[in-house]
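Take a look at the letters that make up each chain.
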Amino acid sequence: DSKLTPDNINAALKKAYDDYKGLKEGKNADYIPALAKVDSNIYGIALVTVDGKIYTVGDVKSEVAIESISKVFTMAKVMEESGVESLPHNMGVDATGQVFNSIYAIEQHKGAEMNPLVNAGAITTTSMVKGKSYDEIWNKILNYYGEFAGRSDLKVIEDVYKSEADTNQRNQAIAYLMYAYGHIKGDPMQATDIYTRQCSVGVSAKDLAVMASTLANAGVNPVTGKTLMKADDVPEALAVMATAGLYDDAGKWLYATGLPGKSGVGGGLIAVSPGKFGIAVVSPPLDEAGNSVRGQKAITDISAALGGNPYSVQ
Ligand code: GLN
């Protein structure tokens, strides 16, 4: 691929970094109190090609809570354990067009036309991870994230977990509704708590880019060489990211970039150019939909410069 040379990649990363470093738009999420206190100036960009080369600019070491980006990897776990059909069968794979924690979206179709990347579908997805105990399920999820990131030492950011656990009554209500409609089969409060914990895992821009690159590389982590998903299951995961990864702004995002992506209210944003690269930005200030402002702008420009849009065949 002629555009994907080391010089072009470094130049595109540096330009996007410089262009948006001074940007003062958006603000940290504050409905989870601990997220409001995170340094808004953290800004890093990492790109990992499918041959496992890592390119970075800015602060790619500071860790923020992974938040909703975790939903992708729990979804991947359920795909591997129970097959890709288990998800549409249980809670759907349709964009809701509503905010990520919408209760209205559940009510519209009794929880049946959701997707694994909004809270109702994500808590349901977490409830589908197999295991006999809380700890067994939790350790499985955390280890799987670590394999995607190529790190065995990922940890929960305890104050984020505590802060969200103290204030997640809305997610508890969502989980009870999904239970009432028969989508969550086990204990809805256990699923909500494991979901809250998975959202509190600390990750850097570099970690997120390695995670995204595994999706770009047909399920094989290009840095560690480990196979984490069946190649056949990756297109389905990317499809849900394309339609719902940026919530009610997923359409605008896809229009601008063509890239399956996923945001988190901690300020992370990942995107996948299949067969080419995974990219991630960490920058906590968010727009109204809950997506990193710098993240969206930087990834849009970098992908355009590198020919990342999978719908473009010139
Ligand atoms: N843990 C957050 C929540 O459930 C994740 C939301 C997000 O990143 N969009 O509200």
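Residues numbered from 1 in each chain as written. Predicted model: local features only at pLDDT ≥ 70, side-chain atom pairs only at ≥ 80, totals over all residues.

By the naming in an unreviewed UniProt entry, the chain goes by Glutaminase and is assigned to Alcanivorax hongdengensis A-11-3. Per UniProt, the comment on the chain under Sequence similarities (unreviewed entry) is "Belongs to the glutaminase family." As its UniProt record puts it under Catalytic activity (unreviewed entry), the chain is described as follows: "L-glutamine + H2O = L-glutamate + NH4(+)". (UniProt positions renumbered as here; feature names shortened; annotations may be inferred.)

The next subject is the site of the ligand. Close to the ligand lie Glu-67, Ser-68, Phe-100, Asn-101, Asn-119, Glu-164, Asn-171, Cys-199, Gly-264, Val-265 and Gly-290, which account for all nearby residues. Grouping the amino acids of the shell around the ligand by side-chain chemistry returns 3 nonpolar, 6 polar and 2 charged. In terms of domain composition, the shell around the ligand takes at least three residues from each of domain 1 (6–64 + 203–306) and domain 2 (68–199). (Near = placed C-beta within 6 Å. Nonpolar A, V, L, I, M, F, W, Y, C, P; charged D, E, K, R; others polar. Domains from an automatic or database assignment.)

Quick look at the UniProt feature "binding site: substrate" (unreviewed entry) in the chain now. Listed under "binding site: substrate" (unreviewed entry) in the UniProt record, and renumbered for this structure, are Ser-68, Asn-119, Glu-164, Asn-171, Tyr-195, Tyr-247 and Val-265. With respect to the secondary-structure elements, Tyr-195 resides in helix H10 (residues 188–199). You can call Tyr-195 buried: it has 26 C-beta atoms within 10 Å. In contact with Tyr-195, other than residues within four places in its own chain, are Ala-122, Ile-123 and Thr-126. Here Tyr-247 lies in the loop between helix H12 (234–244) and helix H13 (250–257). Its 24 C-beta neighbours within 10 Å are what place Tyr-247 among the buried residues. Once you skip the residues sitting within four places of it in the chain, Tyr-247 turns out to touch Val-99, Phe-100, Val-118, Ala-289 and Gly-290. (Helix = DSSP H or I, 4+ residues; strand = E, 2+ residues; numbered from the N terminus. Buried ≥ 20, exposed ≤ 12 C-beta atoms within 10 Å, placed from the backbone. Contact = placed C-beta atoms within 7 Å.)

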